[in-house]
Amino acid sequence: MAMISDPQKLEKVRESILKDREKDSGKTQVTVCGGTGCRGAGAEEVVGTFREELGKLDGKAEVKFKETCCHGFCEQGPIVIIDPENIFYKNVTPKDVPEIIKETILGGKVVDKLLYTDPSTKKKVVHEKEIPFYQKQNRLIFGNNRFIDPTSIEDYLALEGYKALVKALTEMTPEEVIEEVRKANLRGRGGGGFSAGVKWESCRKAEGEPKYVICNADEGDPGAYMDRSLLEGNPHSILEGMTIGAYAIGSHEGYIYVRNEYPLAVKNVTIAIQQAEESGFLGDNILGSGFDFNVRVSRGGGAFVCGESSALMTSLEGRVGRPRAKYIHTVEKGLWGKPSNLNNVETWANVVLIIKKGANWYKKIGTEGSKGTKIFSLVGKINNTGLIEVPMGMTLREIIYDIGGGIPNGKKFKAVQTGGPSGGCLPESKLDLPVDFDELTKSGSMMGSGGMIVMDEDTCMVDLARYFLNFLVEESCGKCVPCREGVWRMLQIVTDICEGRGKEEDIELLEDLSDSIRDTALCALGSTAPNPVLTTLKYFRDEYIAHIKDKKCPGGVCTALIEYSIDEEKCTGCGVCLKACPSEAISGEKKELHSIDKKKCIKCGMCRDVCKFDAVIIT
Amino acid sequence: MELTINSKRVSAEPGMTIYQAAKKANIYIPALCYHEALSSMGSCRLCIVELTKGNRTKIVTSCNYPVEEGIKVVTDSERVLKNRRMIVELLLARCPEVKIIQDLAQELGVKKTRFRIDEYKENCILCGLCVRVCEEVVGVGAISFLGRGKDEKVDTPFHRASDVCIGCGACVTICPTGCIKMEDIDGNRKIDRWQASLPLQRCKICGKPVATRKHLEQIKERFALPPEILELCPDCKRNYYKKQVVAQGHL
């Protein structure tokens, strides 16, 4: 695209893009989600096949084709949507493509087998907009992913792209921008929940030049991928947010720190930066305003600790990513010792919305203390795995049951882990908790970056705490004693409990150690590391006691504490478990009761998985 | 400016840390990773104190917290001591045989550690003094932290003899646990921990080892000293200067 030198020219360009699209509005539009989740399920092949097959149509139908990034409903990928009818096809394979073209595009009929079935009503749903997963969401930030080819700046401009930037540059002073963000009470979406407006103001007032604006895309929580999806799917919105922030703060240099394990995000944001530079949205004298701002991408090695601001900045400087004490804040002395303002990907995306629609509009969404929406990655034992965006204050129950579709296979809900490894587990009694920054913290958990892992009755909460501790031990940088030695000792104790070596005094020691780590660890990775243990101890203490005193695992997970046996009344002698057992521990004649030799059993659970009669029991 | 430490009014210069202000006022705070000649790393967490500012009280490390007007600091509250004891318990489980840790345990009333002592390998407590002295004072940076988390250690890159180590022995001198050993044998200085073996310069007069040749080269580059004295041991150097002073008729 040619250089756009002023806001009037931008509006002319936008008009001409919209006019062109108006002409095409009646044409069939095929949209395929090519986000990382759908790619994992084979979306690239689907895209390739579509391009090839559509090319063979020879004018039989005029079809427009678009590959976007993540729509959020990853469970059903690869996703194909046919507009203007809004037909939603799920789990599409390359083999289905000719059929979609023949039946739907040319024949105007719906391919029944590719439709989504609502797990609660068991009914097939034809249209995307009727899918319950989407209906209860409020996709203000994430919704545009569905309409944008991330490599097309025209797509972004067609959806009012860079309008907020024009407004900030031409109608507002930097102070007014900060005031607007502050009035909107935008809180950092990376986990801390600190007021973005206050942070910006401190950075603007801090002494020292140059000032840096940084986007934290080092998302490292297991199971969380909302930042990746935003950066992959709508990179210009992040650049626009950062540029507005830079204008407000008085910065002319920005960095996007993104982990190298996010290749598609790196690729798409790099393309977007180039396009923005060529079109005049980045660089010198942006849109003729006299304001200069440049953004560079810095790729990280994927260390969880580099999501912590001071460690991120150290890594950005080219040194080993280890945190430092922040008694002098990074807004005063950050990157290369200069004032630096770091915000998370989702926070930057929110900035655009606030400036475009105003703080008064924004404030209407959410709760008293937490405004706007939040994107969560809903994963684990849940029917509708994916990314969701909901207004702050929606209850866990609505999220898990109305949007998530509940727990699969008729199992019972047990707990939900929010906030990733630094967060905590909340039990059924907390399902009506309105989800916002303060309520989650009050309950002992936290918002974090928005990971939400749902667990069913087959989960052992002690084993779960062990899983997160193990993650944190692996990711601890090792700089301070409480985190390096303390969290590792917590893992050692919890492992002992899981493996039947737990002692009664272990719980007290875990609590003492947790208190000290919270008080004394150098950074937030360490000080929040005890959370999974503390919340499981708070809400599921009886499970710890069962492991320690009775040497039993109520969840039936810890292999040292469980035994497999066969229910005499339920076993039909079908022999399926016998064939599946890898250690030849099961014996029994056909149509007779089978039995498990406990000496040979390796407790892998294969027999239980394959038994259709629920005859394999864990004790 | 003025602050309060343990109910005592203490004056301090801006830019000082709480630790420095306390030291100036003869108030003891234990620390393992702090050294006045080096930057603060804040990793051992033993120097924690309870800080009250306005109506908020929190735990901070005194070695890197800059003094502020009117803050109230308590160096030995029950909360501080409880946390220090836990840190010592953790270190004691890591290095049960290190004297400085045993002494700290005694000082804080820690009789034994509740953690398992099963992975006892060596006496390094990862205080990082050696790393910082090598980088900040010697100006070399031959060693650094490698690995992370519980597998973190201090070593040369790739556990090979460093090209830049000058064998000055500053790391050996500063190590609080004595886990870096140095030996001068057969005309070479050996620091086995870093695979270092560097030829020594013998004194031109008495033949005793002076320092490694590489160390002397660095001194020559850095300071404008008369080249002849670099090849003398401390005793002979003293004699050399004595003779000069006498010759000049000052004595």
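Quick notes on the rules
Residues numbered from 1 in each chain as written. Chains lettered and ligands numbered in written order. Predicted model: local features only at pLDDT ≥ 70, side-chain atom pairs only at ≥ 80, totals over all residues. Heavy atoms only, no water. Helix = DSSP H or I, 4+ residues; strand = E, 2+ residues; numbered from the N terminus. Rg over C-alpha atoms; globule rule 2.2 N^0.38 Å. Buried < 20%, exposed > 50% of the residue type's maximum accessible area, 1.4 Å probe, protein only. Contact = heavy atoms within 4.5 Å. Areas by Shrake-Rupley, 256 points an atom, 1.4 Å probe, with all protein chains shown as cover. Lys, Arg positive; Asp, Glu negative; His and termini not counted. Charge placed at Lys NZ, Arg CZ, Asp CG, Glu CD. Phe/Tyr/Trp six-rings, centres within 6.5 Å; stacked < 30°, edge-to-face > 60°. Lys NZ or Arg CZ within 6 Å of the ring centre and 35° of its normal. Buried area = accessible area lost by both parts, 1.4 Å probe. Salt bridge = Lys/Arg side-chain N within 4 Å of Asp/Glu carboxyl O. Polar contact = N/O pair within 3.5 Å; in protein donor to acceptor, adjacent residues only side chain to side chain. Nonpolar A, V, L, I, M, F, W, Y, C, P; charged D, E, K, R; others polar. Pairing = 2+ DSSP bridges. Axes fitted to C-alpha atoms, helices over the stretch in contact; angles between N-to-C directions. Domains from an automatic or database assignment.

Trainee: Help me out: how do you make sense of the overall build of chain B in this one?
Mentor: Looking only at helices and strands, one finds seven helices and 11 strands in chain B. For 251 residues, the compact-globule formula gives about 18 Å, and the C-alpha radius of gyration of chain B, at 23 Å, lies well above that figure. With the principal axes as the frame, chain B shows a C-alpha extent of 65 × 50 × 30 Å. For chain B, the residues scored as buried account for 45% of the 251 residues in total. A sequence separation of at least 24 residues applies to 50% of the contacts in chain B between residues at least 6 apart. Surface accessibility of chain B: about 13500 Å² in total, with carbon and sulfur atoms responsible for 51%. Mean positive and mean negative side-chain charge positions of chain B (40 and 30 charges, respectively) differ by 2 Å.

Trainee: What should I look at first to understand the packing of aromatic side chains in this one?
Mentor: In this description, a pair of aromatic rings is defined by centroid distance and the angle of the planes. All told, the structure shown has 20 aromatic pairs over all chains when counted by the stated rule. A ring pair is formed by A:Tyr467 and A:Phe468, whose centres lie 5.1 Å apart and whose planes are at 75°; its orientation type is edge-to-face. Using a relative accessible area of 45% as the deciding quantity, one classes A:Tyr467 as partly exposed. Owing to a relative accessible area of 1%, A:Phe468 belongs among the buried residues under this scheme. A network of ring pairs unites the aromatic residues A:Phe73, A:Phe88, A:Tyr116, A:Phe133 and A:Tyr134 as a single cluster. Note that A:Arg322 overlies the ring of B:Phe145, its terminal NZ or CZ placed 4.3 Å from the centroid. A cation sits over an aromatic face here: A:Lys374 above A:Phe376, 5.7 Å from the ring centre.

Trainee: What's the story with the interface of chain A and chain B in this structure? I'm lost.
Mentor: A common way to report how large an interface is uses the accessible area buried once the components associate. Taken together, the 32 residues of chain A in the interface contact 33 residues of chain B. For the pair chain A and chain B, the summed buried area comes to about 2900 Å², and 54% of that belongs to carbon and sulfur atoms. The largest contributions to the chain A side of the interface with chain B come from A:Tyr327, A:Arg484 and A:Arg489, which together make up 23% of the buried area. Taken together, chain A and chain B are joined by seven salt bridges. Between B:Arg148 and A:Glu475 there is a salt bridge, with the nearest N and O atoms lying 3.0 Å from each other. Linking chain A to chain B there are 16 residue pairs in polar contact (both at pLDDT 80 or more). Listed by contribution, the elements that provide at least two residues to the side of chain A that touches chain B are α18 (461–475), α19 (481–498) and α20 (506–520) of chain A. Here the side of chain A that touches chain B is composed, by residue class, of 15 nonpolar, six polar and 11 charged.

Trainee: Please explain the sheet that holds strand β9 (residues 188–191) of chain B as it appears in this structure.
Mentor: Strand pairing in a sheet relies on backbone hydrogen bonds, with the paired strands running either antiparallel or parallel. Residues and elements named next belong to chain B. Taken in spatial order, the four strands line up as β8-β9-β10-β11 in an open sheet, and their pairing is antiparallel. Bordering the open sheet on either side are β8 (183–185) and β11 (209–212), each of which pairs with just one other strand. Strand-to-strand, the axes of this sheet are offset by a mean angle of 35°, without reference to chain direction. Where β8 and β9 come together, three bridges link them in antiparallel fashion. Residue pairing for β9: aspartate 184 is matched across the bridge by arginine 189. Together, β10 (196–202) and β11 form the strand contacts of helix α6 (residues 213–222), whose direction differs from that of β11 by roughly 75°.

Trainee: Looking at this model, I keep getting lost on the domain arrangement of chain B. Mind explaining?
Mentor: Residues and elements named next belong to chain B. Along its sequence, chain B is carved into domain 1 (2–76) and domain 2 (129–247). Computed from C-alpha atoms alone, the centre-to-centre distance between domain 1 and domain 2 is 34 Å. Each side of the interface is counted separately: domain 1 has nine residues, and domain 2 has eight residues. For the pair domain 1 and domain 2, the summed buried surface comes to about 660 Å²; carbon and sulfur atoms form 64% of the total. Interface area lost by domain 1 to domain 2 is led by Leu38, Ser39 and Met41, which between them contribute 63%.

Trainee: What's the story with helix α23 (residues 541–550) of chain A in this structure? I'm lost.
Mentor: Given 3.6 residues to a turn, an α-helix orients residues that are three or four positions apart in the same direction. Along α23(A), the positions that sit buried rather than exposed are A:Glu543, A:Tyr544, A:Ala546, A:His547 and A:Ile548. Phi turns positive one or two residues past the end of α23(A), at A:Lys551, with a value near 55°.

Trainee: What's the story with the pairing of strand β7 (residues 212–217) of chain A in this structure? I'm lost.
Mentor: On a regular strand, each side chain points to the face opposite its neighbour's, so the side chains alternate between the two faces of the sheet. All names here are of chain A. Judged by how many residues are buried, β7 sits mostly within the fold: six of six residues are covered. Here β7 shows two buried faces, one formed by Tyr212, Ile214 and Asn216 and the other by Val213, Cys215 and Ala217. In the sheet, β7 pairs with strand β8 (residues 253–259) via six bridges, with the strands oriented parallel. Residue pairing across strands places asparagine 216 opposite tyrosine 257, the latter belonging to β8.

Trainee: Just checking my understanding: could you explain the side chain of A:Glu475 for this structure?
Mentor: Checked against the element boundaries, A:Glu475 lands in helix α18. Among the residues examined, A:Glu475 registers a relative accessible area of 12% and is labelled buried. A polar side-chain atom of A:Glu475 sits 3.0 Å from a polar atom in the side chain of B:Arg148.

Trainee: How should unusual backbone geometry be read in this particular structure?
Mentor: For the bond from A:Asp83 to A:Pro84, the omega torsion is 5°, close enough to zero to count as cis. Position of A:Pro84 among the secondary structure elements: in the loop between β3 (80–83) and β4 (87–89). Cis rather than trans, the peptide bond between A:Glu209 and A:Pro210 has omega equal to -10°. Phi at A:Glu584 is positive, roughly 50°, even though this residue is not glycine. Inspection of the secondary structure assignment puts A:Glu584 in the loop between α24 (576–580) and β17 (586–587). With a phi close to 65°, B:Arg45 is a non-glycine residue in the positive phi region. Note that B:Arg45 resides in the loop between α1 (18–24) and β3 (48–53).

Trainee: Can you walk me through the pattern of salt bridges in this structure?
Mentor: If the charged atoms of two oppositely charged side chains come close together, the side chains can form a pair. Inspection of every chain in the model, using the stated rule, returns 66 salt bridges over all chains. As a salt-bridge pair, A:Asp112 and A:Lys124 come within 3.9 Å of each other at their nearest N and O atoms. With a gap of 12 residues between them, A:Asp112 in the loop between α4 (97–106) and β5 (116–117) and A:Lys124 in strand β6 (residues 124–125) connect regions that are remote in the sequence. For A:Asp112, a relative accessible area of 47% translates into the label partly exposed. With relative accessibility at 42%, the residue A:Lys124 sits in the partly exposed group. Of the charged contacts in the structure, one is a salt bridge between B:Glu231 and B:Lys204, with a shortest N-O distance of 2.6 Å. With B:Glu231 in the loop between α6 and α7 (234–247) and B:Lys204 in the loop between β10 and β11, this pair connects stretches of sequence that are 27 residues apart. Salt bridges linked by common partners bring A:Asp463, A:Arg466, A:Asp496, A:Glu499, A:Arg501 and B:Arg116 together as one network.

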